[in-house]
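An overview of the molecular structure
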Amino acid sequence: MNETETFAAAQGFALDEFQLAGCRALEAGHSVLVAAPTGAGKTIIGEFAVHLALRESRAKAFYTTPMKALSNQKFRDLCAVHGEENVGLLTGDTNINGSARILVMTTEVLRNMLYADSPALRDLAFVVMDEVHYLADRFRGAVWEEVIIHLPRRVRMVSLSATVSNAEEFGDWLDTVRGDTDIIVSEDRPVPLEQHMLVRGDLLPLFDENDGSNRVNRELLRLRGATRDGSVPRGRHPRGRSGRPPGRSDRVERGAVVELLGRANLLPAIFFIFSRVGCDAAVAQTRRAGVRLTNAAERAEIRRVVAERAASLPEEDLAVLGFWQWRDDLERGVAAHHAGLLPAFKEIVEELFQRKLVKAVFATETLALGINMPARTVVLERLEKFNGEARVPITPGEYTQLTGRAGRRGIDVEGHAVIQWSDQLDPQAVASLASRRTYPLNSSFRPTYNMAVNLIDRFGRSRAREVLETSFAQFQADRAVVGIALQVREAETSLAGYAEAMSCDRGDFLEYSGIRRELGDLEKQNRRDATASRDVRDRRQRRIKALRTRLQRHPCQSCPEREQHARWSERYWKLRRDVSRMRQQIDTRTGTVARVFDNVVDVLTELGYIVEEDGRTTLTAAGRTMRRIYGDRDLLVAESLRTDIWEGLDAPALAALVCALVYEPRRDEASDRAMPRGPFRAALTKTETLWQKLDDLEREHRLPGSSPPASGLVSAMHAWARGGLLDRVLIEADMAAGDFVRWAKQTIDLLDQLSLVADGSVAVTARRALDAVRRGIVAYSSV
């Protein structure tokens, strides 16, 4: 029995062919890219990599995820299989058993380990990159490419991705930078998906059930026609499970929808509502409707789980967090799940839903990103969402990701997607959304200051530039260049044909047509530009006169086939203009990443982080400090430390100032918040002045610059670091507890960096500030 067969036999269920193919590729010594739908069981291949590592005497396996919550969940899963002594967790704010042979971590932690050449990398044999399609994330995606590029080639990679339309292109890049990489794509859902429209209390199939095709249900099309002109459809009424004509498309109350799904045996269900307020309101609606989905035994178990998991939360904060109402809703079998919820509350909801104790969850789309919460049914109330600027339709990729939660492998025979009907909804458009699988993976990679100093320190400038040209961003740009270059070659063949077709035995017709074109352009310009100065018009007029004289004297002027040649020349010049534009595209795309890197290096050189001597580029002391400063504010943080503008701050003031660097304000947020008194205000003013100087410098070097520090949360963070009560702090912050915890943890991450890289008193203060912020609900951890 080989290792694949041994591992498969131990699973207790038959592995799918794509899972077996992935395991065999790893056993054969290859890396793998596995692209498959949500819930298909991709992680089995990652777990096989862990299995292979443990079969060797010293080999290690790292399992990376994009989110701390996912890392915590995977840590618990692997501990259950391999024992707590063999598994560790590193997520920035949690460090458990860091010397274990199996380490679960966020992707940023691995990137930092690679740049620091951490001893933990010794004996590393496998890296699993779960949710590798995060590479497209415009804020964090570059980290995935950094890891893929810098991991030693001897390390086998298991890249797990959602179904993407360009998996082969991504796999080709992995094969280029990592060596032998097998591309394994599975389009099959492990549990078939039935799709329905909810029309005023009736569930109608989206597709025609009779012929097995992907034709839209004709009853829905008739209903669409009726609602558009206000009439009742002729012929028989469209009927649903109740047998009633659906009539007009009033939206159904959520409580009624939950009960309808319960009667149809379609619970547990996730309702995707693209707003936190909407999620909380939906729970309140089901409560007012008297919905209760649990029996006495289930309610007792829910109370037990909640009491156990929430035991570490300060009792005085429970009322502020709405704990009692939240627990009551859980006991009814209903919950919300969104980013504003306290992490402890979200984890409890996830556990209870997985155990089928909570049966209806109203969630924002963040739930679709990786957390293991499959349901029997997914309900979409709308097919559009607010993207921060406007309401936009969800994409086919988003639809696939959301409905991928429907259908629990090994439990459900089929999953169900339910879309709520509205008069504006076009069933054909919904069917198109449901049938397409277009989710391209596009690189968001761009060089940063921290990346530049780390690469220069390891490789020197020239080699660093070459390394960056191996990025997926450049690979995609170069592939586009290949296509454009092919068009240029084809166009040049056509240009030669046009030139031959307009050849004239009297003379050079290309020259003649060039004179005609210039003359025509100048005459048009003269007619349009009546406001030009007399001097400009006189010069133009002299040029027009000279061109007319040349035209009249040219030998092709007297050719009897002149106008026939001219028609070919018009085609020639139009195509030549297109070729020129395509060549410009090639020039702008070739070496794009390296050009940005050069601009970044120019800024660092001007500020004294790197020096060039005798053809060598080396780091100064400030550059060596920047190697360990990670995040969007790397340059501002490094310059603030170098110029000592944060000296003299106490712990709450430093926590507040660091919060101003990580916090991203809402679009509608008021800007006139109160500020902490004392040295903080002067330090913030100096930081803002420094930011403005750096922003101007970046734009001079054709870099995009950055947003200014945001002071909207500084007063609340200052109060929290001084030991303020949670209710007062949340009022001051004007945000949900979950949001405050998220920003507090980002503040802690940067304070932790400062405690390691700053000199003297700032490092000591940063450690004190970190301890002051990490308390109460911020300190909660489920592992």
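Because the structure is a prediction, the values reported are computed rather than measured.

1. Some details on the sheet that holds strand β14 (residues 377–380)
Reading across from one edge, β10-β9-β17-β14-β11-β13-β12 is the order of the seven strands in this open sheet, with mixed pairing throughout. In the strand order of this sheet, the two ends are held by β10 (202–205) and β12 (334–337), each with one partner. Between one strand axis and the next, the sheet turns by 25 degrees as a mean value, whatever way the strands run. Bridge analysis of strand β11 (residues 269–272) against strand β13 (residues 360–363) gives four bridges, and the strand direction is parallel. Along β13, the bridge assignment pairs A269 with A360. Where helix α9 (residues 254–263) meets the sheet, it contacts β9 (193–199), β10, β11, β13, β14 and β17 (415–420), and its direction lies at approximately 150 degrees from that of β11.

2. Let's talk about the packing of helix α3 (residues 43–55) against helix α4 (residues 68–82)
At a minimum axis distance of 12 Å, the contact between α3 and α4 shows a crossing angle of 50 degrees. By the angle class used here, α3 and α4 are oblique. α3 and α4 meet at a crossing whose hand is right-handed. Here α3 contributes T43, E47, V50 and L54 to the contact with α4, which in turn contributes K74, L78 and H82. Tallied by class, the residues present in the contact of α3 with α4 amount to three nonpolar, two polar and two charged.

3. Re the pattern of salt bridges
Going through the model one piece at a time under the given rule, you end up with 40 salt bridges. The partner of E298 in a salt bridge is K359, and the shortest N-O contact between them spans 3.0 Å. Pair noted here: E298 is in helix α11 (residues 296–309) and K359 is in the loop between α14 (343–354) and β13, with a separation of 61 residues, a long-range link. For R562, the salt bridge goes to E563, with nearest N and O atoms at 3.1 Å. The class for E563 is partly exposed, based on a relative accessible area of 38%. What you see here is one network of salt bridges that share partners, running through E301, R304, E308, R309, E351 and R355.

4. What about the sheet that holds strand β2 (residues 60–65)?
Taken in spatial order, the eight strands line up as β4-β3-β5-β2-β6-β7-β1-β8 in an open sheet, and their pairing is mixed. With one partner strand each, in any of the chains shown, β4 (95–96) and β8 (181–185) form the two edges of the open sheet. Inspection of the sheet shows strand β3 (residues 87–90) paired to strand β5 (residues 102–106) by four bridges, in the parallel sense. Bridge assignment links G88 to a residue of β5, and that residue is L103. Sitting on the sheet, helix α5 (residues 107–115) touches β2, β3, β5 and β6 (124–129), and the angle it makes with β5 is about 105 degrees.

5. Some thoughts on α9
An α-helix turns once every 3.6 residues. As a result, residues three or four positions apart point the same way. Of the residues making up α9, those classed as buried are R254, G255, V257, V258, L260 and L261. Of the residues flanking the end of α9, it is N265, one or two places downstream, whose phi is positive at about 60 degrees.

6. Re unusual backbone geometry
Negative phi is the rule for most residues except glycine; trans is the rule for most peptide bonds. Put simply, L267 and P268 share a cis peptide bond, and its omega is 5 degrees. Tracing the chain through its elements places P268 in the loop between α9 and β11. Here the phi dihedral of D123 falls at roughly 70 degrees; this positive angle occurs in a residue that is not glycine. With respect to the helices and strands, the residue D123 is situated in the loop between α5 and β6. Even without glycine at this site, N265 takes up a positive phi of about 60 degrees. Mapped onto the elements of the fold, N265 is located in the loop between α9 and β11.

7. A word on the environment of A772
Structurally, A772 can be placed in helix α31 (residues 760–773). A772 sits in the buried class, given a relative accessible area of 17%. Separated by 117 residues in sequence, A772 and A655 place their C-alpha atoms 8.5 Å apart. If sequence neighbours within four positions are ignored, A772 has contacts with W720 and A721.

8. Brief notes about the packing of aromatic side chains
In the structure shown here, the tally under the stated rule is 16 aromatic pairs. A centroid spacing of 6.3 Å and a plane angle of 25 degrees characterise the contact between F472 and F475, whose relative ring orientation is stacked. On the criterion of helical spacing, the pair formed by F472 and F475 is a turn pair, its members being three residues apart in helix α19 (residues 472–501). With respect to class, F472 is no different from F475; both count as buried. In textbook terms, an aromatic cluster arises when at least three aromatic residues are bridged by ring pairs, as seen for F170, W173, F472 and F475.

9. Brief notes about the confidence of the model for the protein
The pLDDT averaged across the protein works out to 87; a share of 93% of its residues lies at or above 70. The weakest mean pLDDT in the protein belongs to helix α8 (residues 218–229) at 67; the strongest belongs to helix α26 (residues 651–662) at 97. Counted against residues more than four places away or in other chains, residues 229–250, with its pLDDT under 50, gives 43 contacts.

10. Things to note about the side chain of T765
Residue placement: T765 occurs in helix α31. A distance of 2.8 Å separates a polar side-chain atom of T765 from the backbone oxygen of S761. Those residues in contact with T765 that sit more than four places away from it in its chain are L649, D650, A651 and L654.

What counts and how
- Residues numbered from 1 in each chain as written.
- Predicted model: local features only at pLDDT ≥ 70, side-chain atom pairs only at ≥ 80, totals over all residues.
- Heavy atoms only, no water.
- Pairing = 2+ DSSP bridges.
- Helix = DSSP H or I, 4+ residues; strand = E, 2+ residues; numbered from the N terminus.
- Axes fitted to C-alpha atoms, helices over the stretch in contact; angles between N-to-C directions.
- Contact = heavy atoms within 4.5 Å.
- Parallel < 35°, antiparallel > 145°, perpendicular 65-115°, else oblique.
- Left-handed = near helix turned anticlockwise from the far one by under 90°.
- Nonpolar A, V, L, I, M, F, W, Y, C, P; charged D, E, K, R; others polar.
- Salt bridge = Lys/Arg side-chain N within 4 Å of Asp/Glu carboxyl O.
- Buried < 20%, exposed > 50% of the residue type's maximum accessible area, 1.4 Å probe, protein only.
- Phe/Tyr/Trp six-rings, centres within 6.5 Å; stacked < 30°, edge-to-face > 60°.
- pLDDT = per-residue confidence, 0-100.
- Polar contact = N/O pair within 3.5 Å; in protein donor to acceptor, adjacent residues only side chain to side chain.

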